[in-house]
Amino acid sequence: MSEGGVSREEELRRLVAELQLLEGVAESLQSRINMANAAITELRLAKSTLEGLEKGGPGSQLLVPIGGGSYIMAKLQSLEKVIVGIGAGVSVERSLEDAKKGLDERVEAIRKARDSLQKRLDEVLERIRASRDRARELSSKLRGEAGGA
């Protein structure tokens, strides 16, 4: 028996259950980090596209995706207003500068959230490491006890 009357077998079982839970949490956090990275990439691409259109100006020829890997040729009429998604399927009309500024703000907000998720993931991974080390230690002791019995 170890401290508090909890046997090594019980502690090992509890550690294994905790490890399974922590591994699930780690996978979920990693998935959310990956989604944040994808969103940041998409927003940066949108800003880059707006900057490219700004350099080309009205009258520029564009390839516009229409789905299924198909495109149509179009001519840019105006850059005065840009329609920007703001979330939940809602889009608003903004000036080009406001649109670029809004994209930068969204990138920064997602980056902060991603960094927070990464910090939490690092903490979970450290707990996993510590729990695995303790489980190995208990397992070794239990094997020693079984061999000596």
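The structure we're discussing is the one just above.
Engineer: Explain the nonpolar core to me, please; I cannot follow it from the model alone.
Structural biologist: Counting 12 residues, the largest nonpolar core consists of I40, L43, L50, L53, L76, L79, V82, V84, L96, A99, L103 and V107. Looking at this core, the elements that each hand over two or more residues are α1 (8-56), β3 (82-87) and α2 (96-148). Filtering out sequence-adjacent residues up to four positions away, V82 remains in contact with L50, V92, E93, R94, L96 and A99. Core analysis: the second largest hydrophobic core is formed by 9 residues, L19, A26, I33 and L117 among them.

Engineer: What exactly am I supposed to notice about α1 here?
Structural biologist: Spacing of three or four residues puts side chains on the same side of an α-helix, whose turn is 3.6 residues. The end-to-end C-alpha distance of α1 is 71 Å, a good match for the 72 Å that 49 residues give at a rise of 1.5 Å each. Positive backbone phi, at 75 degrees, marks G57, one or two positions downstream of α1.

Engineer: Could you clarify how one ought to interpret the side chain of K100 in this entry?
Structural biologist: With respect to the helices and strands, K100 occurs in helix α2. Taking relative accessible area as the criterion, K100 reaches 10% and is therefore assigned buried.

The rules behind each value
Residues numbered from 1 in each chain as written. Predicted model: local features only at pLDDT ≥ 70, side-chain atom pairs only at ≥ 80, totals over all residues. Heavy atoms only, no water. Core = buried A, V, L, I, M, F, W, Y, C linked by side-chain atoms within 4.5 Å. Buried < 20%, exposed > 50% of the residue type's maximum accessible area, 1.4 Å probe, protein only. Helix = DSSP H or I, 4+ residues; strand = E, 2+ residues; numbered from the N terminus. Contact = heavy atoms within 4.5 Å. Expected span 1.5 Å × (residues − 1).

Purely geometric stuff here, so don't read any function into it on its own.
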